[in-house]
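Inside the fold
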Amino acid sequence: MYLVVLFAAALSASTFALDNGLMRTPPMGWLAWERFRCDIDCEHDPKNCISENLFIDMADRLSEDGWRELGYVLVSIDDCWSSMERDEEGRLQPDPKRFPGGIPKLARYMHDRGLKLGIYGDMGTHTCGGYPGTPLDKIKIDAQTFADWGVDVLKFDGCYSNSTEQEQGYPLMSKALNATGRPIGYSCSWPAYQGGLPPKVNYTQLGLICNLWRNYGDIQDSWDSVLNIVDWFFENQDVVAPAAGPGGWNDPDMLIVGDFGLSMDQSRSQMALWAIMAAPLFMSNDLRTISSGARSILQNQMAISINQDPMGIQGRRIVKENSGIDVFLRPLSNNASALVFFSRRKDMPYRYQTSLRKLNYPTGSYKIFNVFTEKTMMLKDSTDFVVSVNPTGVVMWYVSAPAKMNLHQFYRGARLRGSPYDEKDENNIPQLI
Ligand code: GLA
């Protein structure tokens with residue numbers, strides 16, 4: 001039932017998506033902000049300051065360390081890239097010391113390697129970091145400048161603007177980008193500045209003008225922050241999930257896997273839940289020094305392909321147990337689905353017992369692929385199973401479509417007397433780790 005309802009909801013939403021042909025699946029790549037912030041001290045911190053070298057380093061890592069082939073192709077500049085002054089013709093310009101080659105050089109560097117370049121602007125008088133903004137009268141010229149530079153995505157922030165200006169500015173920038181003739185993905189921070197919920201936020205309109213949108217506050221490098229974001233998105237899932245679909249995505253903010261704040265279990269949880277949410281996968285970490293553990297989580301092919309499912313249906317929480325276990329489900333193409341069992345507990349691995357039938361799966365025999373252990377098994381809807389979920393961790397499954405029941409195998413011996421679908425062998429509960 002869930003599958004059917006979610007499918008119908010997503011179909012209706014996707015018909016309203018922005019029609020610039022971009023981001024038919026959630027965008028993937030790297031974004032500077034959470035890890036590198038507004039570090040502009042290139043004299044003392046040359047490796048980490050916001051400069052062309054940082055973006056070149058990350059582009060090299062994406063193209064040489066197996067990221068690009070997995071879909072991580074966007075390299076995005078965030079705040080603090082520009083000069084404090086516009087040029088003589090009124091255009092934004094990068095800080096000349098930190099970006100001596102200019103933005104077109106960076107765009108070429110990305111394009112030569114099969115990557116894309118993202119940039120950051122703000123529809124108020126100033127960016128959140130205090131750099132020149134793009135108020136209403138500057139929208140056209142800035143859109144044209146970004147297009148002339150060869151930029152592929154614009155993140156348009158909302159600091160130092162009021163709600164009336166935002167109502168005008170966000171649609172205006174969408175039009176201005178389209179008018180340049182260059183396909184430029186458009187990320188809107190608008191809903192995050194209006195509390196993320198109707199009636200102030202109109203998700204139908206957002207889907208028509210933006211390719212993705214930040215709904216909620218900034219992520220920080222901590223588990224508390226991840227959990228706070230997860231709770232907001234799933235508490236409001238009936239509002240936000242139907243808004244997502246090919247061409248338009250909710251953005252719960254960057255992946256912090258590979259930074260300092262998350263354990264390996266928590267890192268798997270962020271990756272799993274971002275995949276369930278059909279969220280953009282923008283890493284904000286240091287790809288030059290990332291640990292092999294974090295890298296293998298971010299490069300998990302099944303987690304990525306769940307995130308990138310072409311139907312683009314955002315998943316939901318379907319169970320919230322008092323024991324501290326939440327279960328999430330995302331319908332996928334080919335009648336498959338993803339399941340995540342998540343533990344909020346702080347004590348020890350929790351043995352959670354349920355069955356696919358209890359999770360509302362139709363009758364049938366399913367092939368289960370455990371996303372992080374890569375083990376497979378067959379499971380009937382009626383069979384109780386136990387998953388052992390680590391504190392603040394997840395167990396994530398890819399569930400294939402039900403195999404055609406081979407009735408032959410059930411009509412043997414004692415089984416002839418009962419319905420094959422009702423049998424439940426209490427002594428043989430499969431244990432999936
Ligand atoms: C806001 C945004 C962040 C980042 C900073 C930059 O806080 O939400 O993602 O872009 O501004 O100053």
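Structure report, in brief. Every value quoted in this text rests on a predicted model; they were computed, and no experiment measured them.

Rules used throughout
Within each chain, residues carry numbers counting from 1 in the order of the written sequence. Totals for whole chains, interfaces and linings use all residues, but because this is a predicted model, local features are given only for residues with pLDDT of at least 70 and pairs of side-chain atoms are given and counted only at 80 or more. Calculation of side-chain values draws on the structure's entire complement of heavy atoms; hydrogens and water are dropped beforehand. By disulfide we mean two sulfur atoms from cysteines, separated by a distance within 2.5 Å. When accessible area is computed with a 1.4 Å probe and restricted to protein chains, residues below 20% of their type maximum are described as buried, those above 50% as exposed, and intermediate ones as partly exposed. Each helix corresponds to a stretch of at least 4 residues labelled H or I by DSSP, and each strand to a stretch of at least 2 residues labelled E; elements are numbered beginning at the N terminus. Just so you know, the count uses Lys and Arg for positive and Asp and Glu for negative, and it drops His and the chain ends. Put simply, a salt bridge is a Lys or Arg side-chain nitrogen that is within 4 Å of an Asp or Glu carboxyl oxygen. The term polar contact refers here to a pair of N or O atoms within 3.5 Å; inside protein, the definition further demands a hydrogen-donor-capable atom paired with an acceptor-capable atom, and it admits residues adjacent in sequence only when both atoms are side-chain atoms. Note on contacts: a residue pair qualifies if any of its non-hydrogen atoms lie within 4.5 Å across the two residues. We define proximity as follows: a residue is near a molecule or strand when any one of its heavy atoms falls within 4 Å of that partner. The accessible surface values rely on the Shrake-Rupley method and a 1.4 Å probe; as for residues, cover is taken only from the protein chains in view. Ten residues, namely Ala, Val, Leu, Ile, Met, Phe, Trp, Tyr, Cys and Pro, are considered nonpolar, four, namely Asp, Glu, Lys and Arg, are considered charged, and the remaining ones, Gly among them, are considered polar. Axis definition: a line fitted to C-alpha atoms, over the contacting stretch in the case of helices. Angles run 0 to 180 degrees between N-to-C directions. Angles are sorted into four bins: roughly parallel if under 35 degrees, roughly antiparallel if over 145, roughly perpendicular if 65 to 115, and oblique for all others. Helix crossings get a hand from a simple test, with the near helix turned counterclockwise from the far one by less than a right angle marking a left-handed crossing and a clockwise turn marking a right-handed one. If DSSP finds at least two bridges between two strands, the strands pair.

Quick word on the state of the cysteines
Tallied over the entire structure, the rule returns four disulfides. One disulfide bridge connects C42 with C49, the sulfur atoms lying 2.1 Å from each other. On the sign convention where negative is left-handed, the bridge of C42 and C49, at about 105 degrees about the S-S bond, is right-handed. For C42, a relative accessible area of 23% puts it in the partly exposed group. Listing the disulfide partners of the protein by sequence rank of the bonded cysteines yields 1-4, 2-3, 5-6, 7-8.

Digging into the side chain of D309
The topology assignment puts D309 in the loop between α14 (301-307) and β9 (316-320). For the buried D309, no salt bridge is present, and the opposite-charge side chain at shortest range is R330, 4.8 Å distant. Of note is the side chain of D309, whose polar atom sits 2.6 Å from the side chain of S333. Every residue in contact with D309, bar those within four places of it in the chain, is listed here: T25, R330, L332 and S333.

Digging into the environment of E64
Structurally, E64 is set in helix α3 (residues 52-64). Through-space distance from the C-alpha of E64 to that of R113 is 9.8 Å; in sequence the pair is 49 residues apart.

Regarding the site of the ligand
In the vicinity of the ligand, the contacting residues are W33, D78, D79, Y120, C128, G129, K155, D157, R214 and D218. K155 has a polar side-chain atom sitting 2.8 Å from an oxygen atom of the ligand. A distance of 3.2 Å is found between an oxygen atom of the ligand and a side-chain nitrogen or oxygen belonging to R214. Compared with its free state, where it exposes 310 Å², the ligand has 90% of that area covered by protein. Counted by class, the shell around the ligand contains three nonpolar, one polar and six charged residues.

Section: unusual backbone geometry
Peptide bonds are trans in most cases, and residues, glycine excluded, mostly fall at negative phi. With an omega of 5 degrees, the peptide bond running from P198 to P199 counts as cis. Residue position: P199 is located in the loop between α8 (190-193) and α9 (203-209). With a phi angle near 50 degrees, R37 is a residue other than glycine that sits in the positive phi range. By the element assignment, R37 lies in the loop between α2 (33-36) and α3. For R37, a relative accessible area of 27% translates into the label partly exposed. Unusually for a residue other than glycine, N335 sits at a positive phi of about 60 degrees. Following the sequence through the fold, N335 ends up in the loop between β10 (325-331) and β11 (337-343). Given the relative accessible area of 63%, N335 is considered exposed.

Some thoughts on the packing of helix α10 (residues 223-235) against helix α12 (residues 264-276)
At a minimum axis distance of 11 Å, the contact between α10 and α12 shows a crossing angle of 25 degrees. Classed by the angle they form, the pair α10 and α12 counts as roughly parallel. The chirality of how α10 crosses α12 is left-handed. Along the contact surface, α10 presents W223, V226, I229, V230 and F234, while α12 presents Q266, S269, Q270, L273, W274 and I276.

Here's the deal with helix α6 (residues 139-149)
Along α6, the residues that are buried comprise I139, D142, A143, T145, F146, A147 and W149. The elements touched by buried residues of α6 are α5 (102-112), β3 (116-122), β4 (153-157) and α7 (163-179). Phi for G150, located one or two positions after α6, is positive at around 90 degrees.

Section: the pairing of strand β16 (residues 394-399)
For β16, the tally of buried residues reaches six of six residues, placing the bulk of the element in the interior. The alternating pattern of β16 places V394, M396 and Y398 on one face and V395, W397 and V399 on the opposite face, and all of these are buried. By the bridge criterion, six bridges tie β11 to β16 in an arrangement that is antiparallel. Paired with A338 across the bridge in β16 is Y398. Sheet topology note: the strand β13 (residues 365-370)/β16 ladder contains three bridges and is antiparallel. The residue of β16 that forms the bridge with I368 is V399.

Some words on the sheet that holds strand β7 (residues 249-251)
What the eight strands build is an open sheet, ordered β7-β6-β5-β4-β3-β2-β1-β8; its pairing is parallel. Bordering the open sheet on either side are β7 and β8 (281-283), each of which pairs with just one other strand. Averaged over all pairs of adjacent strands, the angle between strand axes in this sheet comes to 25 degrees, irrespective of strand direction. For strand β2 (residues 74-76) and β3, the ladder comprises three bridges, and the chain directions are parallel.

Here's the deal with the sheet that holds strand β14 (residues 376-380)
If you trace the six strands from one edge of the open sheet to the other, you get β9-β10-β11-β16-β13-β14, paired in antiparallel fashion. Either end of the sheet is taken by a strand with one partner, and the two such strands are β9 and β14. Neighbouring strand axes in the sheet, compared pairwise and without regard to direction, differ in orientation by 30 degrees on average. Helix-sheet contacts for α10 involve β9, β10 and β11, and the interaxial angle to β9 is about 100 degrees.

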